[in-house]
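Understanding the architecture of this molecule
So the chains spell out like this:
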Amino acid sequence: MTKCFDKGNLCTHNIPLFGQLPFEIQSKLVESALHQEVERAEILVKEGDLAEEIKIIRSGKVKLNTYDEDGKELIVNILTRGDTIGEDLFFDARKHPHNAIAMTACKICIVSKKTFINLIKDEPEVAWSLINVLTKRLRKSNETIELLHENDGLKRIIKFFYQDKDKKDKDYINLTIDDIAASTNLRRETVSRKLSYLQKEKYIERQANAKIKIINSKGLKDLLDK
């Protein structure tokens, strides 16, 4: 059994679900957590699996996907460091609605259902933290639905930028063109063309390692209002 530490902190430290809890409570939570390392393309969760644990992504990138009747892949979300899988499912013995597949090598912390439920019984603060996070997740789901109903490709990308920025609380988008295309349900070529336009007009700055910096936030918002 391996405790989950990340640069001197518990792996729960930067996770909204647990991060605001006292250190002593977080310590109890991770006392029985397991540390797992997975390779690229490894399946973390299969669609239909019973949600019996919470998986915390310590490093790497994971996609949530499903497949339509024709076998076409539909990417629902892309998760990165600090995101979790399964915490909003297992209280009512629900099954995972999507597959979770490692897009890169990943480090994962696993907290069992039994550990989490026992902690909620003993520490009411955990329940309040959970309610707060699930409320934010519901808002994010509604935003995603709204995003995918946007017909203008440029506006869809800009809205996605702001969703990702709010999620990470920063002015950088650390996703590749393929990631953005998957998240916005746009063709890769469309995303590449729109990003080139935004860079040419100095709304964004594309940097190394798939990093995009928003340099004209007001201008982007003005584009949304057109």
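Up top you'll find the structure we're talking about.
Residues numbered from 1 in each chain as written. Predicted model: local features only at pLDDT ≥ 70, side-chain atom pairs only at ≥ 80, totals over all residues. Heavy atoms only, no water.

**Regarding the packing of helix H5 (residues 177-184) against helix H6 (residues 188-200)**
Relative to each other, H5 and H6 sit at 115°, their axes nearing to 9 Å. As judged from the angle between their axes, H5 and H6 are roughly perpendicular. Of the two elements, H5 crosses H6, and the hand of that crossing is right-handed. Contacts between H5 and H6 pair Ile177, Asp178, Ile180, Ala181 and Thr184 from the former with Arg188, Val191, Ser192 and Leu195 from the latter. Considered class by class, the residues forming the contact of H5 with H6 number five nonpolar, two polar and two charged. (Axes fitted to C-alpha atoms, helices over the stretch in contact; angles between N-to-C directions. Helix = DSSP H or I, 4+ residues; strand = E, 2+ residues; numbered from the N terminus. Parallel < 35°, antiparallel > 145°, perpendicular 65-115°, else oblique. Left-handed = near helix turned anticlockwise from the far one by under 90°. Contact = heavy atoms within 4.5 Å. Nonpolar A, V, L, I, M, F, W, Y, C, P; charged D, E, K, R; others polar.)

**Remarks on unusual backbone geometry**
Note on backbone geometry: most residues besides glycine have negative phi, and most peptide bonds are trans. Although it is not a glycine, Ala41 adopts a positive phi angle of roughly 75°. Looking at where Ala41 falls in the secondary structure, it is placed in the loop between strand E3 (34-38) and strand E4 (43-45). With phi around 65°, Lys202 is a residue other than glycine that occupies positive phi space. By the element assignment, Lys202 lies in the loop between H6 and strand E12 (204-207). Look at Lys202 and you get exposed, because its relative accessible area is 61%. (Buried < 20%, exposed > 50% of the residue type's maximum accessible area, 1.4 Å probe, protein only.)

**Quick look at the sheet that holds strand E5 (residues 53-59)**
Pairing is antiparallel across the open sheet formed by four strands, whose spatial order is E3-E10-E5-E8. Pairing within the sheet leaves two strands with one partner each, and these edge strands are E3 and strand E8 (84-85). Taken together, the two bridges between E5 and E8 define a ladder with antiparallel strand orientation. Looking across to E8, one finds that Ile56 is bridged to Thr84. (Pairing = 2+ DSSP bridges.)

**Details of the pattern of salt bridges**
The tally for this structure, following the rule as stated, stands at six salt bridges. Among the ionic pairs, Asp178 bridges to Arg188, the shortest N-O distance being 2.7 Å. Within this pair, whereas Asp178 is found in helix H5, its partner Arg188 is found in helix H6, the two being separated by ten residues in sequence. Given a relative accessible area of 42%, Arg188 falls into the partly exposed group. Residues Lys218 and Asp222 are paired through a salt bridge, measuring 3.1 Å at the closest nitrogen-oxygen approach. Highlighted residues: Lys218 and Asp222, both in helix H7 (residues 217-225), separated by four residues, approximately one helical turn. The exposure class of Lys218 is exposed, given its relative accessible area of 60%. (Salt bridge = Lys/Arg side-chain N within 4 Å of Asp/Glu carboxyl O.)

**Description of the pairing of strand E6 (residues 62-67)**
In terms of residue burial, E6 counts as a mostly covered element, since five of its six residues are buried. If you look at the hairpin formed by E6 and strand E7 (residues 73-79), you'll find five residues sitting between the two strands, and Gly71 has a positive phi there, around 85°. With four bridges connecting them, E6 and strand E9 (residues 99-102) associate as antiparallel partners. Residue Asn65 lies in a different strand from E9, and its bridge partner there is Asn99.

**Description of the side chain of Lys155**
With respect to the helices, strands and loops of the structure, Lys155 is situated in helix H4 (residues 153-168). Buried charge without a salt bridge: Lys155, with Asp152 as the nearest opposite-charge side chain at an N-O distance of 5.4 Å. Ignoring any residue separated from it by four or fewer positions in sequence, one finds Lys155 in contact with Glu150, Leu223, Leu224 and Lys226. (Lys, Arg positive; Asp, Glu negative; His and termini not counted.)

**Regarding the packing of helix H1 (residues 23-31) against helix H2 (residues 113-122)**
Where H1 contacts H2, the two axes come as close as 9 Å, and the packing angle between them is 150°. Put simply, H1 runs roughly antiparallel to H2. For H1 against H2, the interelement crossing comes out right-handed. Contact with H1, carried on its side by Ile25, Lys28 and Leu29, involves Thr115, Phe116 and Leu119 of H2 and no other residues of that element. Looking at the contact of H1 with H2 residue by residue, the class counts come to four nonpolar, one polar and one charged.

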